[in-house]
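Here is what each chain is made of, one letter per residue.
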Amino acid sequence: MLVLLLTLATLATLAMPATPAGFVSRAGDRSIVLHWDRNSETNVTGYNVYRAATSEGPFLRQTPQSLSFPSHADFDVTNGQSYWYQVTAVTQTVESSASSALEVTPHPFASDDEFLEYAQQTAFDFFWYAANPNNGMVPDRGTVTSPCSVAAVGFGLTAIGIGIDHGWITREQGRERVLTTLKTFWETPQGTNRSGTIGYRGWFYHFLDMKTATRYTPFSNVEVSSVDTAWLLAGALYSKQYFNATNADEASIRDLADAIFRRVDWNWMARNTNVLSMGWVPGSGFLASNWIGYNEAMALVIMGLGAPANPLPSSAWDRWTRGYTWKTYYGQSFIPFPPLFGHQYSHCWIDFRHVTDDYLGAKASTYFENSRRATLAQRAYCLANPGKQSGYGENVWGLTACDGPSPNGYAARGAPPAETDDGTIAPTAAGGSMPFTPEYSGAALRYFYDRYRTNIWTGFGFRDAFNLGLKWWDTDVLGIDQGPIVIMIENHRTQKVWRRFMQNEEIQRGLTRAGFVKLAYANPQLERVPAEHRIRLWWEAGAGRGYQVEYSLDLGDWRPSATGFLMATNAWLEWLEANGPASEDSPVLARQRFYRVVQYGLP
């Protein structure tokens, strides 16, 4: 009997795993990215990738060590030449049969838009292929030992809708993953226990176990995090608007999103005051720090104000704005927060372009304009380079919270003011500002890819950070990096995330209770100047007011002109548009183009 048991155990270890399924490719300029679905066998320890110059082979192994994730990037390729790939799954003792050969041909990007598509798709791939499909958990980092980040799940829920729109996955695939994820967050127990729960009072722990979806105990004192819960809620509310069909699964998604949002006890996290704590830890209580502006948590406060059950008091926004300061750096006047993520995260979902509150209305500005100025000021800081950091320049900029070389490690880097600038650049800083400064952000991302892709590009897009002076290249990809990249490029390209998210009555109610009002529009006159290939606009203005020229090709997708912000010093303003970053083509030669002028400041 003992011999039989040993034989069965040996046979189990020798069982051949299934051939990896769902083998797909992405082809870029001098790079190829491969993905496949995870194997379900628990004894699979990794994957091997093979390549050949012809479909007949021979296929040579490309990965000296087996890959932990179902993802691979190949840079040893030539544009215009075809390559054939196969993938296998391995256990400690055996290797599966090879997948069918996949032919891929790298090619130069035909346009900047094609590059952005490649950057978006590979960032999306992190949320699809690195996630646990059985419960929807998304890792904080692209490592097999990483816990789930609740914030990354929220970014990932939003990325799934983008993936469907672009055809990277089907609606059925996305619907199944979102439904699984929301069921996990609704059904996994909540409570005060130090382990075995997903959260408490409707809020969620910052880090969760990738398999059990409960508090990640290997980290000490993992908190119920208010702001990380906010990004999960944002992803759920986006999914509620995206999945609007009448079938049972999409109705369940909407019901679950509502239930998860309504369960959040806002007044408990605020301790029955008008300010939210940053979190709560079982056994020790609330964290000492509170969310007071200005930083990334605007959306958290707005959601709390708009909640249908136990909302924050209306005074919460006034309390939030008490932390504001108004400074001028490098010719830009704005509310500062040195790391750029503080100017980006809330904007991933909330469209602040055409609304303002009392504080910024009095400054003739908006939160969108504030983020634009903060990005411009930081780029100007990097160009001035007061710290003499290596490599900084017109296309090498972008300071935010990221990994870095010792001794600083992970830190909230930012400028101006230059509180923690050690020469470490994070691609997500430029990517997350795409709607604010497309003419500079897109150029920076493209430069990073063209110049440094062999060091910072992966199957999941850009690595977290790099430091040229120390020749340091991060090894990790982070969910809270890839999320802003895929979402903010989408807001720049189509504005679809904004359009869907802003349909939520909770958000509209929160903005109203915070005192936000819609901006007014000027009444411009227009004429063509064909000899100069220009468009001329002029309008009656109010002294001291700011104005932003926007353009559209279809009266639906409105974009700010990169050169179109003006401050009025007298009763009339004039603006000329020539060929440049604001236009896809010559404004004079375009078949049709629409303009409008937004008036900043309170109506």
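Residues numbered from 1 in each chain as written. Predicted model: local features only at pLDDT ≥ 70, side-chain atom pairs only at ≥ 80, totals over all residues. Heavy atoms only, no water.

1. Details of the overall build of the protein chain
Worth spelling out the cut-off: In this text, helices come from DSSP runs of H or I with a minimum length of four residues, and strands from runs of E with a minimum of two, each type numbered from the N-terminal end. We compute the radius of gyration over the C-alpha atoms and compare it with the globule rule, which gives 2.2 Å times the number of residues raised to the power 0.38. For each residue, the accessible area found with a 1.4 Å probe, counting protein chains only, is set against the maximum for its type, and the residue is called buried under 20%, exposed over 50%, and partly exposed in between.
Counting its secondary structure elements, the protein chain contains 16 helices and 32 strands. A compact globule built from 603 residues should have a C-alpha radius of gyration of about 25 Å, and the protein chain, at 25 Å, falls within 12% of that. Seen through its principal axes, the protein chain has C-alpha atoms that stretch 95 × 60 × 55 Å. Burial statistics for the protein chain: of 603 residues in total, 59% are counted as buried.

2. Let's talk about helix α4 (residues 171-187)
The criterion, for reference: For a helix, the expected span equals 1.5 Å multiplied by the number of residues minus one.
Here α4 contains 17 residues, and its C-alpha end-to-end distance of 24 Å stays within 8% of the 24 Å for a straight helix at 1.5 Å per residue. The complete set of buried residues in α4 reads Gly174, Arg175, Arg177, Val178, Leu179, Thr181, Leu182, Thr184 and Phe185.

3. Overview of the nonpolar core
Nonpolar side chains in soluble globular proteins tend to be buried together. The condition is simple: Take the buried residues of types Ala, Val, Leu, Ile, Met, Phe, Trp, Tyr and Cys, join any two whose side-chain atoms come within 4.5 Å, and each joined set is a nonpolar core. Residue contacts follow a heavy-atom distance rule, with two residues in contact if any of their heavy atoms lie within 4.5 Å.
Phe185, Trp266, Trp317, Trp349, Phe352 and Tyr367 are the most contacted members of the largest nonpolar core, which has 139 residues in total. Apart from residues no more than four positions distant in its own chain, Tyr367 is found in contact with Tyr294, Met298, Trp317, Thr321, Tyr324, Ile335, His347, Phe352, Asp357, Leu360 and Phe516.

4. Quick word on unusual backbone geometry
The step from Gly57 to Pro58 runs through a cis peptide bond, and the omega angle for that step is 5°. The amide bond that connects Pro416 to the next residue, Pro417, takes the cis arrangement and shows omega of -10°. Even without being a glycine, Asn310 presents a positive backbone phi close to 35°. Here Asn310 lies in the loop between α8 (298-306) and α9 (316-321). On the basis of relative accessible area, Asn310 is assigned to the partly exposed category, the value being 30%. Unusually for a residue other than glycine, Lys471 sits at a positive phi of about 50°. Along the polypeptide, Lys471 turns up in the loop between β23 (466-467) and β24 (472-473). Judged by relative accessible area, Lys471 falls into the exposed class, the value being 67%.

5. Notes on the pairing of strand β2 (residues 31-35)
Quick reminder of the rule: Any two strands with at least two DSSP bridges between them are considered paired.
For β2, the buried fraction is high: five of the five residues fall into the buried class. Side chains Ser31, Val33 and His35 project from β2 onto one buried face, and the interleaved Ile32 and Leu34 project onto a second face that is buried too. Remark: two residues form the turn of the hairpin made by strand β1 (residues 24-28) and β2, two consecutive strands paired antiparallel; Arg30 in that turn has positive phi of roughly 60°.

6. As for the confidence of the model for the protein chain
Put simply, the rule reads: How sure the predictor is of each residue is captured by pLDDT, a score from 0 to 100.
A residue-level look at the protein chain finds 95% of positions with pLDDT of 70 or above and a mean pLDDT of 94. Within the model, pLDDT remains below 50 along residues 580-584, and this stretch shows 14 contacts once partners closer than five positions in the same chain are excluded.

7. Some details on the sheet that holds strand β12 (residues 224-225)
Pairing is antiparallel in the open sheet, where three strands are placed in the order β12-β13-β14. Both outer strands of the open sheet, β12 and β14 (285-286), are each paired with one neighbouring strand and no more. Here β12 pairs with strand β13 (residues 279-281) via two bridges, running antiparallel. Among the inter-strand pairings, Ser225 is bridged to a residue of β13, identified as Gly279.

8. Some thoughts on the pairing of strand β27 (residues 525-529)
Bridge count for β27 against strand β28 (residues 534-540) is five bridges, and the pairing is antiparallel. Each residue of the ladder has a partner; that of Gln525, found in β28, is Trp538. Where β27 folds back on β28, the antiparallel hairpin that results is connected by four residues, among which His533 adopts a positive phi of roughly 55°.

9. Some details on the pattern of salt bridges
Defined as follows: Just to be clear on terms, a salt bridge is a Lys or Arg side-chain nitrogen sitting within 4 Å of an Asp or Glu carboxyl oxygen.
Within the structure shown, the criterion is met by 27 salt bridges. Between Arg413 and Asp422 there is a salt bridge, and its shortest N-O distance comes to 2.9 Å. Judged by relative accessible area, Arg413 falls into the buried class, the value being 1%. Sharing partners across several salt bridges, the network here consists of Asp29, Arg30, Asp112, Arg446 and Asp450.

10. Description of the sheet that holds strand β26 (residues 520-521)
Sheet architecture is open: four strands sit in the order β26-β32-β29-β30, paired in antiparallel fashion. Edge positions in the sheet fall to β26 and β30 (559-567), since each has one partner strand and no second. Sheet topology places β26 next to strand β32 (residues 594-599); two bridges connect them, and they run antiparallel. The partner of Ala520 across the bridge, within β32, is Gln599.

11. A short note on the environment of Phe124
Its location among the elements puts Phe124 in helix α2 (residues 112-129). A relative accessible area of 1% places Phe124 in the buried class. Not counting residues up to four positions away in its chain, the partners in contact with Phe124 are Ala159, Ile160, Gly163, Trp168, Ile169 and Val486.

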